[in-house]
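Chain residues, written in single-letter form:
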Amino acid sequence: IYTEVIFKICVQFLLTSAPYLKGRVVLMQCPKCKKYLFETGKDSYIPHREHVCQHCGTKVNTRKKVIASPMEAAITELQKKTDLSLRICDICDFYPVLEGW
């Protein structure tokens, strides 16, 4: 339950407390391997134009500085499907790439 609380705090911060990220966190799919990019480290909080797929190493360039993350899309999809509060295991079932985040 402690991990779930930390996770919800992080998501809440990412989506509401950091206004400079509004419209900058995007769902991005690798054009080569078709897997979703999930940036880590400083790339997970500083928008940028050059992204690298963690699965196949393909470089993906964007016009706008963004952060590639399935987090916001996963939460939005899950909220459409249920009135229950989200749990970490729910999100990981929907987007396995988030396991261990």
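Bear in mind that the values here come from a model prediction, so they are computed numbers and not experimental data. All residue numbers refer to position in the chain's written sequence, counted from 1. Under the rules for a predicted model, residues below a pLDDT of 70 receive no local features and side-chain atom pairs below 80 are neither given nor counted, while totals for whole chains, interfaces and linings still include all residues. Only heavy atoms go into the side-chain values, all of them from the structure, while hydrogens and water stay out.

Turning next to the overall build of the protein chain. Only DSSP runs of H or I covering at least 4 residues are called helices, and only runs of E covering at least 2 are called strands; the numbering of each starts at the N terminus. Secondary structure summary: the protein chain contains three helices and three strands in total. Taking as baseline every contact in the protein chain between residues at least 6 positions apart, the subset at least 24 positions apart corresponds to 50%. Shrake-Rupley sampling with a 1.4 Å probe provides the accessible areas, and residues are treated as covered by the protein chains on show and by no other component. Accessible area of the protein chain: about 6,900 Å², with a carbon and sulfur share of 55%. The contact rule is simple, with two residues in contact once any of their heavy atoms fall within 4.5 Å.

With that settled, consider the environment of Pro-70. Mapped onto the elements of the fold, Pro-70 is located in the loop between strand 3 (59-68) and helix 2 (71-81). Here the term buried applies to any residue with accessible area under 20% of the maximum for its type, exposed to any over 50%, and partly exposed to those in between, with areas from a 1.4 Å probe on protein chains only. Taking relative accessible area as the criterion, Pro-70 reaches 0% and is therefore assigned buried. Along the primary structure Pro-70 and Leu-37 are separated by 33 residues, whereas in three dimensions their C-alpha atoms are 7.4 Å apart.

Only strands that DSSP links by at least two bridges are regarded as paired with each other. Judged by pairing direction, the sheet is mixed, and its three strands sit side by side in the order 1-3-2 without closing on themselves. Two strands bound the open sheet, and with one partner strand each, they are strand 1 (25-26) and strand 2 (48-52). Sheet analysis places strand 2 next to strand 3, joined by four bridges and oriented antiparallel. Directly across from Val-52, in strand 3, lies its bridge partner Lys-59.

As a further point, take unusual backbone geometry. For Lys-34, which is not glycine, the phi dihedral falls at a positive 70 degrees. Residue position: Lys-34 is located in the loop between strand 1 and strand 2.

Moving on, we get to the environment of Val-66. With respect to the helices and strands, Val-66 occurs in strand 3. Judged by relative accessible area, Val-66 falls into the buried class, the value being 5%. With sequence-adjacent residues up to four places away left out, Val-66 is seen in contact with Arg-24, Val-26, Met-28, Glu-39, Pro-47, His-48 and His-51.

Our next topic: the pairing of strand 3. Bridging between strand 1 and strand 3 involves two bridges; their strand directions are parallel. Each bridged residue has a counterpart across the sheet, and for Val-25 the counterpart in strand 3 is Ile-67. Counting the residues between successive antiparallel strands, the hairpin from strand 2 to strand 3 contains six residues, one of them, Gly-57, with a positive phi of roughly 85 degrees.

The disulfide definition used here is simple: a pair of cysteine sulfur atoms within 2.5 Å. Applying the stated rule across the entire model yields zero disulfides. Unpaired in terms of disulfides, Cys-53 finds its nearest cysteine sulfur in Cys-33, a separation of 3.6 Å. Sulfur of Cys-56: no disulfide; nearest cysteine sulfur belongs to Cys-30 and is 3.6 Å away. A relative accessible area of 34% means that Cys-56 is categorised as partly exposed.

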